[in-house]
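If you want the building blocks of each chain, they are given just below.
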Amino acid sequence: SVQFEPELPETKTFAFSQLSMAPFLKIWISFNGTFWDTDVDEIGYVDDILGREYYPRFTPLGNSYPGNPPILEAFLTGETGLRVAQQDPEITKQQIVEVLRRIYGDRVTEPVDITLHDFI
C-alpha cells in the first residue's frame, strides 16, 4: 500500500476510496498466418446489427513485435467486457471470427488460440 507523509487530508483519502476501475478485457487471438492488411495499425469495425461495442477494434500485434506474429488484439470495456469475460472462450472466438469475416470475407482462417486477460 502507499503511505503519504504527511498524511493526506481525510477529504482526499475519502475521494480516493471512491475511485474504481471500469471492467477491462484484453483478448489475443492468434492465427497460422495473416489475412489482414499488414500495413495498418488498427482495424476498426462498426455495425448497426451487432452494435458498436461488439469487437469494435483490433490491433495487429505483428507490427510491434519481432517476427511479425499473426496475432490480433482486442479490448472490451464496460458491460460488454463483463459479458465476454464470463462466457466460454470458444464463443468469444466464434464471435471474433464472425466480425473478421464481415471485414475480410473468406480470407479469414480459423484461429489457433485465444487468450483472455481481464482486469475486472
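Going by the structure above, here's the rest.
In this report, we go over the structure that sits alongside the text. (Residues numbered from 1 in each chain as written. Predicted model: local features only at pLDDT ≥ 70, side-chain atom pairs only at ≥ 80, totals over all residues. Heavy atoms only, no water.)

### Details of the overall build of the protein chain
- Counting its regular elements, the protein chain contains three helices and five strands.
- In sequence order, the protein chain lays out its α and β elements as α-β-β-β-β-α-α-β.
- Over its C-alpha atoms the protein chain spans a radius of gyration of 19 Å, topping by over 25% the 14 Å that the globule rule assigns to 120 residues.
- By principal-axis analysis of the C-alpha atoms, the protein chain measures approximately 60 × 35 × 25 Å.
- Scored against the burial criterion, the 120 residues of the protein chain give a buried share of 32%.
- Here the analysis covers contacts within the protein chain between residues at least 6 apart in sequence; of these, 69% occur between residues at least 24 apart.
- With the model as given, the accessible surface of the protein chain reaches about 8,000 Å², and the carbon-plus-sulfur share is 51%.
- Here the protein chain contributes 9 positive and 19 negative side-chain charges, whose respective centroids are spaced 4 Å apart. (Helix = DSSP H or I, 4+ residues; strand = E, 2+ residues; numbered from the N terminus. Rg over C-alpha atoms; globule rule 2.2 N^0.38 Å. Buried < 20%, exposed > 50% of the residue type's maximum accessible area, 1.4 Å probe, protein only. Contact = heavy atoms within 4.5 Å. Areas by Shrake-Rupley, 256 points an atom, 1.4 Å probe, with all protein chains shown as cover. Lys, Arg positive; Asp, Glu negative; His and termini not counted. Charge placed at Lys NZ, Arg CZ, Asp CG, Glu CD.)

### Focus: the pattern of salt bridges
- For the structure shown, the criterion picks out four salt bridges.
- Of the charged contacts, one joins Glu42 and Arg57 as a salt bridge, the two residues approaching to 3.0 Å between their closest N and O atoms. Residue Glu42 is found in the loop between strand E1 (24-30) and strand E2 (43-44), and its partner Arg57 is found in strand E3 (residues 57-60); the two are separated by 15 residues along the sequence.
- We classify Arg57 as partly exposed; its relative accessible area is 45%.
- Close ionic contact of Arg101 with Glu110 constitutes a salt bridge, the shortest N to O distance being 3.0 Å. (Salt bridge = Lys/Arg side-chain N within 4 Å of Asp/Glu carboxyl O.)

Take it as geometry only, folks, not as evidence of what the structure does.
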